[in-house]
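These are the residues of each chain, in order.
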Amino acid sequence: KPFSCRNHSPAHCGGVVLQSPLSSGARAVFNKTVSIVGYPWDIFKNYTKVASIDRPVLIMHGVEDEVVPCQNGRHLHAL
């Protein structure tokens, strides 16, 4: 039977995998202090959303990631 997205929703998932997640777009590019100033324009405020996930969460992040610093994943894990 083919998979149909119409019969599935994120509410029915068993867990969530975040691979190299951004804690915040502004924090990834700048730092925490600068992101406070840019808060209204930051479209990736994942640190405000991750606590509302009501399923098990696996965060995978390479410690040598040169694009998204590993600290982003660690920050989300700490929440």
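On a predicted model such as this, the values are computed, not experimentally measured, just so you know.

A. Quick peek at the overall build of the protein chain. A count of helices and strands for the protein chain gives three helices and two strands. Each helix (α) and strand (β) of the protein chain, taken in turn from the N terminus, gives the series β-α-α-β-α. Residues counted as buried form 25% of the 79 residues belonging to the protein chain. Working note: accessible area of the protein chain is about 6,100 Å², and carbon and sulfur atoms make up 61% of it.

B. Focus on the pattern of salt bridges. Taken as a whole and judged by the stated rule, the model has one salt bridge. Note that Arg-55 is salt-bridged to Asp-54, the shortest N-O span being 3.4 Å. Judged by relative accessible area, which is 61%, Asp-54 ranks as exposed.

C. Inspection of the environment of Gly-25 at higher detail. Locating Gly-25 in the fold gives a position in helix H1 (residues 25-29). Since its relative accessible area comes to 16%, Gly-25 is described here as buried. For the pair formed by Gly-25 and Val-68, sequence separation is 43 residues and the distance between their alpha carbons is 9.5 Å. In this view, Gly-25 contacts Asp-42 and Phe-44; residues no more than four positions away in its chain are not counted.

D. Here's a closer look at a nonpolar patch on the surface. On the surface, Val-17, Leu-58 and Met-60 cluster together into a nonpolar patch covering about 270 Å² of accessible area. Structurally, Met-60 is set in strand E2 (residues 57-60). When its relative accessible area of 37% is taken as the criterion, Met-60 is described as partly exposed.

E. Summary view of the confidence of the model for the protein chain. Taken over all residues, the pLDDT of the protein chain has a mean of 76, while the share at 70 or more is 70%. Within the protein chain, E2 carries the highest mean pLDDT (90), whereas helix H2 (residues 32-37) carries the lowest (63).

F. Just the environment of Asp-42, in detail. Inspection of the secondary structure puts Asp-42 in the loop between H2 and E2. Taking C-alpha positions, Asp-42 is 7.1 Å from Ser-24, a pair spaced 18 residues apart along the chain.

Analysis parameters
Residues numbered from 1 in each chain as written. Predicted model: local features only at pLDDT ≥ 70, side-chain atom pairs only at ≥ 80, totals over all residues. Heavy atoms only, no water. Helix = DSSP H or I, 4+ residues; strand = E, 2+ residues; numbered from the N terminus. Buried < 20%, exposed > 50% of the residue type's maximum accessible area, 1.4 Å probe, protein only. Areas by Shrake-Rupley, 256 points an atom, 1.4 Å probe, with all protein chains shown as cover. Salt bridge = Lys/Arg side-chain N within 4 Å of Asp/Glu carboxyl O. Contact = heavy atoms within 4.5 Å. Patch = residues over 30% accessible without salt bridge, like charges linked within 9 Å, V, L, I, M, F, W, Y side chains within 5 Å. pLDDT = per-residue confidence, 0-100.

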